[in-house]
Amino acid sequence: MNYPFWDVDIGYGLLMSIIAVVHVFVSHFAIGGGLYLVIVERTARAQGDQLKLDYLKRLSKFFVMTSVVFGALTGVAIWFIIGLLNPAATEVLIHNFVWAWAIEWTFFAVEILAAILYFYSWDRMSPRSHIILGWIYFASAWLSLAVINGIITYMLTPGDWLTTKDFWDGFLNPTYFSSTVLRTGICIMLAGLYASLVAAREKDSLFRIKLIRYNSYWGLIGLLIAMLSYYWFRASIPTEQMSTMLERMVMPWVAQDQLRLFAGVLIGGFIIYGFILTKAYRTTIAILMMTMGLLWFGAFEWFSESSRKPFVIQDYMYANAISVASLEQTQSEGLLSAITFRTGNDGADLFRRACRSCHTIDGYRPVNRAYAGTDIEFIAGMIRGAKAMRANMPPWAGTEQESMMLATHIYEQIDQRHIKDIYDLDGAELGEKVYEIRCGKCHEIGGYNDKTESLVDLTDEDYNDLLDEAGDLAEEMPAFTGDQIERDALIAFFKTLEEGVQK
Amino acid sequence: MNLYEASFLPAPLWIITALHIVTLTLHFIAMNFLFGGTVVLLLAKIHNKWENSSVATFVKLLPTAMGTTVTLGVAPLLFVQLVYGNMIYSASIVSGWYWLMISFVAIFSYYLLYAGSFTKTTKRKGTYLALSLIGFIYISLVYSSVFSLAEFPAQYHALYSNNQTGLAFNSDIGTWGFRWLHIVLGATTVGAWFVGLVGRNDDKVFTEAKKFFLWGMVATMIVGFVYMMTLGEHMLPFMRSAGIWAVTVGLILSLGSLHFFFKKRFLFSGIMIDISILCMVITRHVVRLLRLDGIYNPTTLPVDPQWSVFFIFLISFVLMIAVVWYMLRLFFKDTSKSAT
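The rules we used
Residues numbered from 1 in each chain as written. Chains lettered and ligands numbered in written order. Predicted model: local features only at pLDDT ≥ 70, side-chain atom pairs only at ≥ 80, totals over all residues. Heavy atoms only, no water. Helix = DSSP H or I, 4+ residues; strand = E, 2+ residues; numbered from the N terminus. Rg over C-alpha atoms; globule rule 2.2 N^0.38 Å. Buried < 20%, exposed > 50% of the residue type's maximum accessible area, 1.4 Å probe, protein only. Contact = heavy atoms within 4.5 Å. Areas by Shrake-Rupley, 256 points an atom, 1.4 Å probe, with all protein chains shown as cover. Lys, Arg positive; Asp, Glu negative; His and termini not counted. Charge placed at Lys NZ, Arg CZ, Asp CG, Glu CD. Buried area = accessible area lost by both parts, 1.4 Å probe. Salt bridge = Lys/Arg side-chain N within 4 Å of Asp/Glu carboxyl O. Polar contact = N/O pair within 3.5 Å; in protein donor to acceptor, adjacent residues only side chain to side chain. Nonpolar A, V, L, I, M, F, W, Y, C, P; charged D, E, K, R; others polar. 1 Å grid on protein atoms, 1.4 Å probe; cavity = no way out; pocket = protein on both sides within 12 Å on 5 of 7 lines; lining within 4 Å. Points joined across faces, edges and corners; volume = space filled by probe spheres on them. Patch = residues over 30% accessible without salt bridge, like charges linked within 9 Å, V, L, I, M, F, W, Y side chains within 5 Å. Domains from an automatic or database assignment. Phe/Tyr/Trp six-rings, centres within 6.5 Å; stacked < 30°, edge-to-face > 60°. pLDDT = per-residue confidence, 0-100.

1. Comments concerning the overall build of chain B
And then number 1: Helix and strand counts for chain B come out as eleven helices and zero strands.
And then number 2: The linear arrangement of helices and strands in chain B, starting from the amino end, is α-α-α-α-α-α-α-α-α-α-α.
And then number 3: Taking 2.2 N^0.38 as the reference for a compact globule, 340 residues should give roughly 20 Å; the C-alpha atoms of chain B span a radius of gyration of 21 Å, in line with that estimate.
And then number 4: Seen along its three principal axes, the alpha-carbon backbone of chain B occupies a region of about 65 × 45 × 40 Å.
And then number 5: Here chain B, with 340 residues, has 59% of them falling under the buried criterion.
And then number 6: When contacts within chain B are restricted to residue pairs at least 6 apart in sequence, those whose partners lie at least 24 apart make up 80%.
And then number 7: Carbon and sulfur atoms provide 70% of the accessible area of chain B, an area that totals close to 14,600 Å².
And then number 8: Once the 22 positive and 12 negative side-chain charges of chain B are each reduced to a mean point, those two points are 14 Å apart.

2. Regarding the interface of chain A and chain B
And then number 1: Between chain A and chain B, the residue contacts involve 86 residues of the former and 82 residues of the latter.
And then number 2: Between chain A and chain B the total buried area reaches about 7,600 Å² when both faces are included, carbon and sulfur atoms providing 73% of it.
And then number 3: Our count for the chain A to chain B interface comes out at zero salt bridges.
And then number 4: Inspection of the region where chain A meets chain B yields 15 residue pairs in polar contact (both at pLDDT 80 or more).
And then number 5: Elements supplying a minimum of two residues to the side of chain A that touches chain B: helix 1 (12-47), helix 2 (50-85), helix 3 (87-120), helix 4 (127-156), helix 6 (167-171), helix 12 (327-333) and helix 13 (346-354) of chain A.
And then number 6: Ranked by residues supplied to the side of chain A that touches chain B, first place goes to helix 3 of chain A with 26 residues.
And then number 7: Within the side of chain A that touches chain B, the residues separate by chemical class into 54 nonpolar, 20 polar and twelve charged.

3. A look at empty space enclosed by the protein
Residues and elements named next belong to chain A.
And then number 1: If you walk through the whole model with that rule in mind, you get six cavities of 30 Å³ or more.
And then number 2: Quantified by volume, the largest cavity comes out at close to 120 Å³.
And then number 3: Contributing to the lining of the largest cavity are 17 residues, with Phe5, Leu85, Pro87, Ala321 and Arg353 lying nearest its centre.
And then number 4: For the lining of the largest cavity, the secondary structure elements donating two or more residues are helix 2, helix 3 and helix 13.
And then number 5: Taken together, the residues that form the lining of the largest cavity break down as twelve nonpolar, three polar and two charged.

4. Some points on a nonpolar patch on the surface
And then number 1: Taken together, the side chains of Trp168, Leu172, Phe177, Val181, Tyr217, Ile221, Ile225 and Trp232 of chain A together with Ile312 of chain B make up a nonpolar region of the molecular surface, amounting to roughly 810 Å² of accessible area.
And then number 2: Listed by contribution, the elements that provide at least two residues to the nonpolar patch are helix 7 (176-199) and helix 8 (205-236) of chain A.
And then number 3: If one sorts the elements of the nonpolar patch by residue count, helix 8 of chain A sits on top with four residues.
And then number 4: Within the secondary structure, Phe177 of chain A sits in helix 7.
And then number 5: Assessed through its relative accessible area of 47%, Phe177 of chain A is described here as partly exposed.

5. Quick word on the layout of surface pockets
And then number 1: One number sums up the size of the second largest pocket: a volume of about 1,900 Å³.
And then number 2: For the second largest pocket, the lining is made up of 40 residues, of which Leu113 of chain A together with Leu61, Thr64, Thr68 and Leu328 of chain B are closest to its centre.
And then number 3: Among the residues forming the lining of the second largest pocket, the class breakdown is 27 nonpolar, six polar and seven charged.

6. What about the domain arrangement of chain A?
Residue and element names in this part refer to chain A.
And then number 1: Assigned domains of chain A: these are domain 1 (12-318), domain 2 (324-411) and domain 3 (419-502).
And then number 2: For domain 2 and domain 3, the distance between their C-alpha centroids amounts to 24 Å.
And then number 3: On the domain 3 side, the residues contacting the 16 residues of domain 2 number 15 residues.
And then number 4: Between domain 2 and domain 3 the total buried area reaches about 1,500 Å² when both faces are included, carbon and sulfur atoms providing 62% of it.
And then number 5: Note that Asp375 is salt-bridged to Arg438, the shortest N-O span being 3.1 Å.

7. Points about the packing of aromatic side chains
The relative placement of two aromatic rings is captured by the distance of their centres and the angle of their planes.
And then number 1: Applying the stated criterion across every chain yields a total of 71 aromatic pairs over all chains.
And then number 2: For the pair Trp99 of chain A and Phe79 of chain B, a centre-to-centre distance of 6.0 Å together with 50 degrees between the ring planes defines the contact as tilted. Residue Trp99 of chain A is located in helix 3, and its partner Phe79 of chain B is located in helix 2 (residues 53-94); the two belong to separate chains. Both residues of the pair, Trp99 of chain A and Phe79 of chain B, belong to the buried class.
And then number 3: A centroid spacing of 4.6 Å and a plane angle of 55 degrees characterise the contact between Phe213 of chain B and Phe261 of chain B, whose relative ring orientation is tilted. Placement of the pair is Phe213 of chain B in helix 7 (residues 203-229) and Phe261 of chain B in helix 9 (residues 242-262), with a sequence separation of 48 residues.

8. Some words on the confidence of the model for chain B
And then number 1: This prediction gives chain B a mean pLDDT of 94; 97% of its residues lie at or above 70.
And then number 2: Per the prediction output, this complex has pTM 0.92; the corresponding ipTM is 0.93.

9. What to know about the pattern of salt bridges
All names here are of chain A.
And then number 1: In total, this model carries 20 salt bridges over all chains according to the counting rule given.
And then number 2: With a shortest N-O distance of 2.7 Å, Arg45 and Glu41 are connected by a salt bridge. Residue Arg45 and its partner Glu41 are located together in helix 1, separated by four residues, close to a single helical turn.
And then number 3: Relative accessible area serves as the criterion here: at 18%, Arg45 is assigned to the buried category.
And then number 4: Salt-bridge contacts for Lys495 lead to Asp460; the nearest nitrogen and oxygen are separated by 2.6 Å. Here Lys495 is found in the loop between helix 21 (484-494) and strand 3 (497-498), whereas its partner Asp460 is found in helix 19 (residues 460-468), with 35 residues between them in sequence.
And then number 5: Overall, the relative accessible area of 42% leaves Lys495 in the partly exposed class.
And then number 6: Overall, the relative accessible area of 40% leaves Asp460 in the partly exposed class.
And then number 7: Residues joined in a network through salt bridges with shared partners are Asp7, Asp349, Arg352 and Arg356.

10. Quick notes on the environment of Tyr176 of chain A
All names here are of chain A.
And then number 1: Counting through the fold element by element, Tyr176 comes out in helix 7.
And then number 2: For Tyr176, a relative accessible area of 9% translates into the label buried.
And then number 3: Between the C-alpha atoms of Tyr176 and Asn149, which are 27 residues apart in sequence, the distance is 6.8 Å.
And then number 4: With residues up to four places along the chain from it excluded, the contact list for Tyr176 reads Ala146, Asn149, Gly150, Thr153 and Phe171.
And then number 5: Of the polar contacts made by the side chain of Tyr176, one reaches the backbone oxygen of Ala146; its length is 2.7 Å.

Listed below in structure tokens is the structure:
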């Protein structure tokens with residue numbers, strides 16, 4: 001709350017993931033590619049294979065152009081974007097891990113210089129010295145990953161750091177080692193993919209086939225290491241955290257399904273085009289395989305990032321930059337009083353601080369879709385009960401009065417027509433939509449916190465009583481504030497329900 | 001209201017300040033090579049400029065200078081954010097889009113430098129370099145405006161209350177215009193020094209470099225003096241601070257550097273000009289402290305040292321220097337055999 005809020009129309013998550021995924025894709029290749037270059041160069045020199053050495057020279061140009069320029073500067077872009085999107089969390093990281101970053105910087109400096117010298121010294125240095133440069137490059141690049149990984153995994157599983165605040169507890173956290181092995185596997189896989197992209201353009205078909213086969217081994221072995229250590233990584237997430245994920249979160253599991261799907265496609269691709277139809281592995285296939293690799297990697301990052309929802313630093317700071325420790329204080333004294341940068345529009349300020357990190361009004365994860373056709377009282381009730389929502393939202397950090405201010409701000413900007421008119425529905429179908437909007441965020445039929453059982457085979461009077469008393473049933477539950485049309489439609493929908501399922 | 005527990009320093013303030021000053025100096029030296037060298041190459045009047053071997057060598061060195069500038073820029077940004085994070089993040093959020101674009105503009109400029117270095121068509125070299133320079137100018141403008149804005153919390157508060165979209169730009173050019181011009185002219189001066197070093201055996205190139213070094217230094221000094229005048233209420237405290245000593249030493253060393261540069265005694269001249277850059281960085285630091293006086297005092301931050309990891313950093317820092325030295329030695333000494 002000590003910072004201004006960057007209010008951009010693009011969703012924060014989207015903005016971050018675009019930059020981050022592009023960067024990690026290049027930066028992991030930068031490590032695996034380093035290993036690939038030096039190992040293949042060693043073999044080529046031992047065999048006196050000039051054709052392979054020429055190919056490596058071309059590959060190293062591509063390698064420097066992508067990793068040193070694009071990789072390094074998108075890394076800087078991540079540094080910039082995290083400071084813009086969540087300066088409070090960035091500050092926690094920088095104060096606790098500045099020396100880790102400083103150590104990483106020393107490796108990074110060596111890595112960049114080694115890459116440049118390696119590239120420029122193909123024609124001026126003895127083979128031995130050139131290979132030494134290659135090994136220095138790879139070692140410093142991998143060490144750089146090993147250090148940064150401590151900070152990334154800390155955000156997901158801070159472990160004992162939460163109580164000790166000790167650097168090493170945070171750095172060597174529960175998912176550190178599994179993630180390091182996993183990311184090393186990714187580096188190896190990406191080396192295979194990138195090298196095949198360059199190899200696919202080789203004119204000599206026999207040489208090209210030989211290279212593609214060899215590179216496919218890299219891809220397969222890397223993917224195998226990554227997939228196996230993914231399960232290790234998942235098992236390293238503390239049980240309680242994992243149960244919350246299983247019970248309330250959809251995204252990590254969608255991401256996991258995608259991870260498996262893309263892994264399957266990649267394995268198939270490596271086997272079919274790497275070993276059977278190797279001749280067909282030309283630029284188009286190489287680009288498709290690269291895309292699959294990117295999607296696979298994106299799915300893993302998505303799993304990893306969404307797993308810690310609603311936190312930006314698990315159990316320490318919520319995604320909206322409100323720390324767990326300060327929650328009680330803001331809930332009693334008010335969120336507005338904690339906001340240093342006020343704009344004169346309290347409702348808008350509350351929206352920015354409490355919601356805007358993950359939601360927009362009408363764009364990315366829109367609140368309009370969630371609340372269109374409802375009313376201020378209902379929206380305020382949902383805000384106060386946010387922590388009970390299926391989507392694992394952070395608890396409301398303000399006072400009751402502030403929840404009304406925020407609800408008013410949201411209400412003023414959303415579609416205020418009747419739900420019936422917005423969705424053009426009637427009867428039980430309208431009731432289902434009303435359920436989805438007013439009840440389904442906390443009670444999913446056949447899913448999270450399902451209450452279908454208590455809604456089956458009741459009389460109209462029972463249903464009306466239930467809706468009248470809804471606000472008293474649980475602390476987080478808002479009162480039913482819909483009009484008679486919504487009420488009748490909802491009851492009509494309830495009547496279609498059987499135990500646990502819809503009729 | 002204590003909203004999070006992050007406001008501590010993981011080492012005594014003097015260590016962090018020293019690291020910031022040293023790494024920022026190194027960054028500026030590399031940046032001066034890059035930015036100033038590009039300006040000098042573009043403006044220098046040399047017959048068949050892009051076919052001149054010294055110029056070609058310098059153009060080839062530019063991508064590496066860019067890599068070095070970026071790499072050496074990471075550390076000072078890290079250390080300055082550690083101590084002045086609140087102000088720097090706030091100022092950068094207010095100008096969020098301009099700030100974020102820096103990385104992408106840098107990518108654009110970096111690739112253009114490579115294009116300039118790889119192209120066989122000499123005429124295009126100038127075009128690539130000029131386009132690249134536009135990117136550098138953008139970056140320098142945003143940096144100067146944001147880092148100056150970070151020294152005026154009331155100003156970024158006011159800008160934010162009018163515009164929350166990250167499109168507000170520090171319009172108080174009076175506080176940063178001369179600062180920007182000073183650093184651009186200074187970079188051109190030092191860039192000329194590097195051009196002179198690379199072209200020391202080429203009379204035409206060295207003569208041009210001398211011209212830029214001399215007049216660049218004069219212009220830098222004049223603009224620096226004007227910038228000092230814009231300090232306003234901070235002028236008097238500045239005259240009583242260590243800042244004025246840093247300025248004086250910097251001035252004397254710059255003149256000394258000029259003398260030795262004309263005599264082609266590059267070692268002395270280089271040491272002097274680099275120390276004068278260090279003095280400028282110290283001055284910059286003092287000005288920041290003066291402007292934030294009464295608003296923010298970094299000495300009040302609690303210190304909770306993380307010595308174990310700090311010593312690992314020191315070891316890796318020493319190792320970095322050793323490995324860099326070793327690699328450069330390999331690169332320049334081992335030219336006996338072709339690698340392919």
